[in-house]
Amino acid sequence: MWFLFVQALGLIPSIIAFTALQSGSRRRILSLQFLFCVLWVAHYALLGAYTGILINLLGLLRAVVCSCNDRKWARSKLWLVFFLACYAASPLLTWDGPYCLLLGGAMMLTTVALWVDNMRLTRLLYLCNSPLVLVYNLIAGSWSCTIIEVFALFSFIIAVWRFDIRPAVQARANGKE
């Protein structure tokens, strides 16, 4: 029963994250990130996956800064450098093997994705981070997050198609007529 509870605790935020990118709204993605980071901290704590805990605690702070990047204090490129450095250091501080580097790298991609004000680049960076998170979750024993990450990968592919590739193809087709 405990196993199912722990896996459910990972599944709920994964579903929220899975659907967030489909909204097409940067503000909505950042708002939902608060919720799923808290739930993932609890999930990874119960699994003993310390890199996942630290990464998601940093994710909470990152969401605050990114959601306020219309303010001067939060626009500073120093925040980006700070978070990238923290995400690079996190796997080293919580080292449990080379697989920890996957989550650090994935969160560096996500940090840049949330920092930029270009939804196309945001979606592409999320697409690149998904395989790294998938493998980390598989190794960490987060089966629910692994399964949902497969769906998330397809979600990111659909979002890139829906918002980036299809409109470009349609614009070219309309321009040639």
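Preceding block: the structure.
Residues numbered from 1 in each chain as written. Predicted model: local features only at pLDDT ≥ 70, side-chain atom pairs only at ≥ 80, totals over all residues. Heavy atoms only, no water.

Draft legend 1. Region of the structure containing the overall build of the chain. On a plain count of helices and strands, the chain comes out with 8 helices and 0 strands. Listed by position from the N terminus, the elements making up the chain come as α-α-α-α-α-α-α-α. In terms of overall size, the chain behaves like a compact globule, its C-alpha atoms giving a radius of gyration of 17 Å where 177 residues would be expected to give roughly 16 Å. Its C-alpha atoms give the chain principal-axis dimensions of roughly 60 × 40 × 25 Å. When the 177 residues of the chain are sorted by exposure, 46% land in the buried category. Contacts spanning at least 24 positions in sequence make up 68% of the contacts within the chain whose residues lie at least 6 apart. Of the roughly 9100 Å² that the chain leaves accessible, carbon and sulfur atoms contribute 73%. Computed over 14 positive and 6 negative side-chain charges, the inter-centroid distance for the chain is 7 Å. (Helix = DSSP H or I, 4+ residues; strand = E, 2+ residues; numbered from the N terminus. Rg over C-alpha atoms; globule rule 2.2 N^0.38 Å. Buried < 20%, exposed > 50% of the residue type's maximum accessible area, 1.4 Å probe, protein only. Contact = heavy atoms within 4.5 Å. Areas by Shrake-Rupley, 256 points an atom, 1.4 Å probe, with all protein chains shown as cover. Lys, Arg positive; Asp, Glu negative; His and termini not counted. Charge placed at Lys NZ, Arg CZ, Asp CG, Glu CD.)

Draft legend 2. How the structure looks around helix α5 (residues 77-93). End to end, α5 covers 24 Å across 17 residues, agreeing with the expected 24 Å (1.5 Å per residue, within 8%). When we look at burial in α5, the residues that qualify are Leu-80, Phe-83, Cys-86, Tyr-87, Ser-90 and Pro-91. Where α5 is buried, its residues meet α3 (50-67) and α6 (100-115). (Expected span 1.5 Å × (residues − 1).)

Draft legend 3. Representation of the packing of α6 against helix α7 (residues 119-140). Closest axis-to-axis distance for the α6/α7 pair is 8 Å, and the angle between their directions is 165°. Taken together, α6 and α7 sit at an angle that is classed as roughly antiparallel. Here α6 runs over α7; the crossing is left-handed. On α7, the residues touching Cys-100, Leu-102, Leu-103, Gly-105, Ala-106, Met-107, Leu-109, Thr-110, Val-112, Ala-113 and Leu-114 of α6 are Thr-122, Leu-125, Tyr-126, Cys-128, Asn-129, Leu-132, Val-133, Val-135 and Tyr-136. For the contact of α6 with α7, the residue count by class is 16 nonpolar, 4 polar and no charged. (Axes fitted to C-alpha atoms, helices over the stretch in contact; angles between N-to-C directions. Parallel < 35°, antiparallel > 145°, perpendicular 65-115°, else oblique. Left-handed = near helix turned anticlockwise from the far one by under 90°. Nonpolar A, V, L, I, M, F, W, Y, C, P; charged D, E, K, R; others polar.)

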